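Structural overview for review
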Amino acid sequence: MTSSDPTAVPDPWHALHELLAAMDAEIEKVYVERGIEGVRPRFAYPLIRLAHTGPLTIRELAKSLGRTHSAISQTIAAMRKEGLVTSEPGPDARTRRIDLSERGRSLVPFLEAEWRATHETVAGLDSEIPYAMTAVVEEVRRALERRSMRQRILDHLVEPPR
């Protein structure tokens, strides 16, 4: 054990995580106000994609969304629990094809409208603040392309003696 608890120092990620969670909570309130229960903002992207592609395996869906297999697998499990998607055996014994349920399909027009409204909202926020969020994210991405997060951590890492 080290001499001091590093988690006692304010977490530089906390404000960002808190902001993203608050924004998602606001989106979820829009759903609830429209009588849509059990739908999380993270469900919109895969539901809309499935509406436009038809059934996909979890791997195919994850790739098409630029997400990890694990993240999409967890999202699909939560969506299945809410009756938004169905699954059937895929081309081999290890895969399942995911499709929209009737409930999921019925929500897509609203989710597409909300998706567009959210994008317009982000654009509005970008114009309202001195440093556009989307520009900051892009600048951070470019900086990490020049020197990876891993390398930056290793530059600061002082490992304890063994």
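Going by the structure above, here's the rest.
Rules of the game
Residues numbered from 1 in each chain as written. Predicted model: local features only at pLDDT ≥ 70, side-chain atom pairs only at ≥ 80, totals over all residues. Heavy atoms only, no water. Helix = DSSP H or I, 4+ residues; strand = E, 2+ residues; numbered from the N terminus. Rg over C-alpha atoms; globule rule 2.2 N^0.38 Å. Buried < 20%, exposed > 50% of the residue type's maximum accessible area, 1.4 Å probe, protein only. Contact = heavy atoms within 4.5 Å. Areas by Shrake-Rupley, 256 points an atom, 1.4 Å probe, with all protein chains shown as cover. Lys, Arg positive; Asp, Glu negative; His and termini not counted. Charge placed at Lys NZ, Arg CZ, Asp CG, Glu CD. Axes fitted to C-alpha atoms, helices over the stretch in contact; angles between N-to-C directions. Parallel < 35°, antiparallel > 145°, perpendicular 65-115°, else oblique. Left-handed = near helix turned anticlockwise from the far one by under 90°. Nonpolar A, V, L, I, M, F, W, Y, C, P; charged D, E, K, R; others polar. Phe/Tyr/Trp six-rings, centres within 6.5 Å; stacked < 30°, edge-to-face > 60°. Salt bridge = Lys/Arg side-chain N within 4 Å of Asp/Glu carboxyl O.

A tally of regular secondary structure across the protein gives seven helices and three strands. Its helices and strands taken in sequence order, the protein reads α-α-β-α-α-β-β-α-α-α from the N to the C terminus. Relative to its length of 162 residues, the protein is extended, with a C-alpha radius of gyration of 20 Å against a globular reference of 15 Å. The principal-axis extents of the C-alpha atoms in the protein amount to approximately 55 × 45 × 30 Å. For the protein, the proportion of its 162 residues judged to be buried stands at 22%. Expressed as a percentage of contacts within the protein between residues at least 6 apart in sequence, the contacts between residues at least 24 apart total 43%. Here the protein displays about 11800 Å² of accessible surface, and carbon together with sulfur accounts for 58% of that area. In the protein, the 23 positive side-chain charges and the 24 negative ones have mean positions that sit 7 Å from each other.

In this section: the packing of helix 2 (residues 41-53) against helix 5 (residues 102-128). Interaxial distance between helix 2 and helix 5 falls to 10 Å at its minimum, and their mutual angle equals 120°. Taken together, the axes of helix 2 and helix 5 lie oblique to each other. When the axes of helix 2 and helix 5 are compared, the crossing they make is left-handed. Between helix 2, through Ala44, Tyr45, Leu47, Ile48, Ala51 and His52, and helix 5, the contact on the second element is made entirely by Val108, Leu111, Glu112, Glu114 and Trp115. Here the residues of the contact of helix 2 with helix 5 are counted per class, giving eight nonpolar, one polar and two charged.

The next subject is the packing of aromatic side chains. Enumeration over the complete set of coordinates arrives at two aromatic pairs. Ring centres of Tyr31 and Phe110 lie 6.1 Å apart, and the angle between their planes is 75°; on these two criteria the pair is classed as edge-to-face. Remark: Phe110 occurs in helix 5 and Tyr31 occurs in helix 1 (residues 14-33); sequence separation between them is 79 residues. For Tyr31, a relative accessible area of 1% translates into the label buried. Overall, Phe110 belongs to the partly exposed group, its relative accessible area being 24%. Taken together, a centroid distance of 5.1 Å and an interplanar angle of 35° make the contact between Tyr45 and Trp115 tilted. Of this pair, Tyr45 sits in helix 2 while Trp115 sits in helix 5; the two residues are 70 residues apart in sequence, bridging distant segments of the chain. For Tyr45, a relative accessible area of 23% translates into the label partly exposed.

Before going further, it helps to examine the pattern of salt bridges. In this structure the tally under the stated criterion is eleven salt bridges. The closest approach of N and O atoms between Lys29 and Glu26, which form a salt bridge, is 3.3 Å. Of the two residues, Lys29 and Glu26 are both situated in helix 1; the distance of three residues between them amounts to about one turn of the helix. With a relative accessible area of 46%, Lys29 lands in the partly exposed category. When the shortest N-O distance is used, the salt bridge between Glu33 and Arg34 registers 3.8 Å. The pair formed by Glu33 and Arg34 is uniform in burial state, with each residue classed as exposed. Through salt bridges with shared partners, a single ionic network connects Glu138, Glu139, Arg141, Arg142 and Glu145.

Everything listed here is a matter of geometry and, on its own, says nothing about what the molecule does.
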